Amino acid sequence: MSPWAVYALSGVAMFSVGLVGLFSHQHVVKRILAANIAGSGVLLVLVALARRVPTGVPDPVPHALVLTGIVVSVSATALAVALARRMARLQAEQSQTPEREPVSDGELS
């Protein structure tokens, strides 16, 4: 088996593990990590498929796309972590504040 086939199969396995983790976990950070693993698997498959012929040089366009994908992945992860922190902060604030009884129209508070 050629090394490129091993890379492609490894990428498919990483994507599968990430997809299972994405849909099976409820915790936000675990879902973010699973999405990163699935994205890394896709990028690994793209690198493996960049090879046109066994003896030739790889195509540089998929490699450029993979580099762009890595930058986008890092940015999306940073955004997801920032949103997860904001959600956790809002949930903590809501659990600390006591809920008030609704005031009817005829009563003054």
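This report concerns the structure included in the present document. (Residues numbered from 1 in each chain as written. Predicted model: local features only at pLDDT ≥ 70, side-chain atom pairs only at ≥ 80, totals over all residues. Heavy atoms only, no water.)

## Looking at helix H3 (residues 60-96)
Then comes step 1: Relative to the 54 Å expected for 37 residues at 1.5 Å per residue, H3 spans 54 Å between its end C-alpha atoms, a close match to the ideal helical length.
Then comes step 2: Of all the positions in H3, only Pro 62, Val 66 and Ala 84 are classed as buried.
Then comes step 3: Lining the buried residues of H3 we find helix H2 (28-49). (Helix = DSSP H or I, 4+ residues; strand = E, 2+ residues; numbered from the N terminus. Expected span 1.5 Å × (residues − 1). Buried < 20%, exposed > 50% of the residue type's maximum accessible area, 1.4 Å probe, protein only. Contact = heavy atoms within 4.5 Å.)

## Thoughts on a nonpolar patch on the surface
Then comes step 1: Taken together, Phe 15, Leu 19, Phe 23, Val 42 and Leu 46 make up a surface patch of nonpolar side chains, about 440 Å² in accessible area.
Then comes step 2: Of all elements in the fold, only helix H1 (3-24) and H2 reach the threshold of two or more residues within the nonpolar patch.
Then comes step 3: Among the elements that take part in the nonpolar patch, H1 stands out by supplying three residues, more than any other.
Then comes step 4: Among the secondary structure elements, Phe 15 is positioned in helix H1. (Patch = residues over 30% accessible without salt bridge, like charges linked within 9 Å, V, L, I, M, F, W, Y side chains within 5 Å. Areas by Shrake-Rupley, 256 points an atom, 1.4 Å probe, with all protein chains shown as cover. Salt bridge = Lys/Arg side-chain N within 4 Å of Asp/Glu carboxyl O.)

## Focus: the packing of H1 against H2
Then comes step 1: Running from N to C, H1 and H2 point in directions that differ by 160 degrees, and their axes come no closer than 7 Å. As summarised for this structure, H1 and H2 are arranged roughly antiparallel, according to the angle between their axes. Helix-helix and strand crossings are classified by hand; for H1 and H2 the assignment is left-handed. Here Trp 4, Tyr 7, Ala 8, Ser 10, Gly 11, Val 12, Met 14, Phe 15, Gly 18, Leu 19, Gly 21 and Leu 22 of H1 come into contact with H2, specifically with Arg 31, Ala 34, Ala 35, Ile 37, Ala 38, Ser 40, Gly 41, Val 42, Leu 44, Val 45, Val 47 and Ala 48.
Then comes step 2: Across the contact of H1 with H2, the residue classes break down as 17 nonpolar, six polar and one charged. (Axes fitted to C-alpha atoms, helices over the stretch in contact; angles between N-to-C directions. Parallel < 35°, antiparallel > 145°, perpendicular 65-115°, else oblique. Left-handed = near helix turned anticlockwise from the far one by under 90°. Nonpolar A, V, L, I, M, F, W, Y, C, P; charged D, E, K, R; others polar.)

## Some remarks on the packing of aromatic side chains
Then comes step 1: Across all of its chains, the model carries one aromatic pair by this definition.
Then comes step 2: Where Trp 4 meets Tyr 7, the ring centres are 5.6 Å apart and the plane angle is 75 degrees; that geometry is what we call edge-to-face. With a gap of three residues between them, Trp 4 and Tyr 7 both fall in helix H1, about one helical turn apart.
Then comes step 3: Since its relative accessible area comes to 26%, Trp 4 is described here as partly exposed.
Then comes step 4: Its relative accessible area of 40% is what places Tyr 7 among the partly exposed residues. (Phe/Tyr/Trp six-rings, centres within 6.5 Å; stacked < 30°, edge-to-face > 60°.)

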